[in-house]
Amino acid sequence: MDMKQAIVPKSDQLNADDLITGPMTVKITGVSVKGGQEQPVSIAYEGDNGKPFKPCKSMCRVLVTAWGPDSSQYAGRSMTLYCDPKVRWAGMEVGGIRISHMSDIGSDMTMSLTATRGNKKPYTVKPLEVAVQINWQPAIDAVETAEELADLWKTMPAEAKKRYAAAKDARKAVLVKA
């Protein structure tokens, strides 16, 4: 039995304890910014189960530095979040969520972030390689001969071949009958 379900914190947002078992890569579905709140930024992501990521001010600075200030452009982008047990609040190490990797950046990005009042430290975010999933169905449907289908099949990655094997077989049956 998986014990992870027993240690899930009760909260209306993703928190550091949710990441105690390891980092998590999320794909953003939307961002809302509401001024005048302690946590003005709320980032929805695929599979968030109603628990958005609400980044601290330092991680908001990372987002703006990497992706720019227009949060409407963040949807569809991905980032890896992790629990940093060294994050301090009220003078104690309580842990917090940090961003380690981000899509749509070309190289490592190092910026200076406030560690404590009057004390800044370098913080680095690495590029996140996001696998692009291609929909091969239109290409399979468009081939006109079994030979073209075989040529197309040779160009497809192994993972796509697993996913589209039935579609290839169905198209091949149609082409052979013709």
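Residues numbered from 1 in each chain as written. Predicted model: local features only at pLDDT ≥ 70, side-chain atom pairs only at ≥ 80, totals over all residues. Heavy atoms only, no water.

Q: Describe the sheet that holds strand S6 (residues 96-102), naming the residues involved and giving the relevant values.
A: A sheet is described by the order of its strands in space; here six strands give the open sequence S2-S1-S3-S6-S8-S7, paired in mixed fashion. One side of each edge strand has no neighbouring strand; the edge strands of this open sheet are strand S2 (41-45) and strand S7 (109-116). When strand polarity is set aside, the average angle formed by the axes of neighbouring strands in this sheet is 50°. Of the strand pairs in this sheet, S6 and strand S8 (residues 119-127) are connected by two bridges, and their pairing is parallel. Paired with histidine 101 across the two strands is lysine 126, which belongs to S8. (Pairing = 2+ DSSP bridges. Helix = DSSP H or I, 4+ residues; strand = E, 2+ residues; numbered from the N terminus. Axes fitted to C-alpha atoms, helices over the stretch in contact; angles between N-to-C directions.)

Q: Break down the environment of methionine 79 for me, citing the residues and quoting the values.
A: Take methionine 79: it is sitting in strand S3 (residues 78-84). Classification of methionine 79 by relative accessible area gives buried; the value is 0%. Taking the C-alpha atoms as reference, methionine 79 lies 29 Å from glutamine 137; in sequence the two are 58 residues apart. Those residues within four positions of methionine 79 in sequence are excluded, and the remaining contacts are Met24, Thr25, Val26, Ile28, Ile43, Phe53, Leu63, Trp67, Ile99, His101, Met102 and Leu128. (Buried < 20%, exposed > 50% of the residue type's maximum accessible area, 1.4 Å probe, protein only. Contact = heavy atoms within 4.5 Å.)

Q: Before we move on, could you go through the pattern of salt bridges and cite the residues and values that matter?
A: A full pass over the atoms with the stated rule returns five salt bridges. Two residues, lysine 51 and aspartate 18, come together in a salt bridge whose shortest N-O distance is 3.3 Å. Taken together, the positions of lysine 51 in the loop between S2 and helix H1 (57-67) and aspartate 18 in the segment before strand S1 (24-33) put the pair 33 residues apart, joining distant regions of the chain. A salt bridge links aspartate 104 to arginine 77; its shortest N-O distance comes to 3.9 Å. Here aspartate 104 is found in the loop between S6 and S7, whereas its partner arginine 77 is found in the loop between H1 and S3, with 27 residues between them in sequence. (Salt bridge = Lys/Arg side-chain N within 4 Å of Asp/Glu carboxyl O.)

Q: So what about unusual backbone geometry? Which residues, and what values?
A: Here asparagine 49, not a glycine, exhibits a phi torsion of approximately 50°, which is positive. In this structure, asparagine 49 sits in the loop between S2 and H1. With a relative accessible area of 71%, asparagine 49 lands in the exposed category. Phi angles above zero are rare outside glycine, and aspartate 104 is one such case at about 65°.

Q: Go over the confidence of the model for the protein chain, please, and point to the residues and values.
A: Of all residues in the protein chain, 93% have pLDDT values of 70 or greater, and the mean over the chain is 87. For the protein chain, strand S4 (residues 88-89) is the element with the lowest average pLDDT, namely 76, and S2 is the one with the highest, namely 95. (pLDDT = per-residue confidence, 0-100.)

Q: Outline the environment of isoleucine 43, listing residues and values.
A: Position of isoleucine 43 among the secondary structure elements: in strand S2. Residue classification places isoleucine 43 among the buried positions, given a relative accessible area of 0%. Sequence separation between isoleucine 43 and methionine 3 is 40 residues, and the spatial gap between their C-alpha atoms is 27 Å. Excluding residues within four positions of it along the chain, isoleucine 43 makes contact with Ile28, Gly30, Val31, Pro52, Phe53, Pro55, Leu63 and Met79.

Q: Which residues make up the state of the cysteines, and what values do they have?
A: Using the criterion set out here, one finds zero disulfides in the structure. Here cysteine 56 is not cross-linked by a disulfide; its sulfur's nearest cysteine counterpart is in cysteine 60, at 6.9 Å. Cysteine 56 gets classed as partly exposed once you look at its relative accessible area, which sits at 33%. Looking at the unpaired cysteine 83, the closest cysteine sulfur is the one in cysteine 56, lying at 12 Å. Under the relative-accessibility criterion, cysteine 83 is labelled partly exposed at 22%. (Disulfide = S-S within 2.5 Å.)

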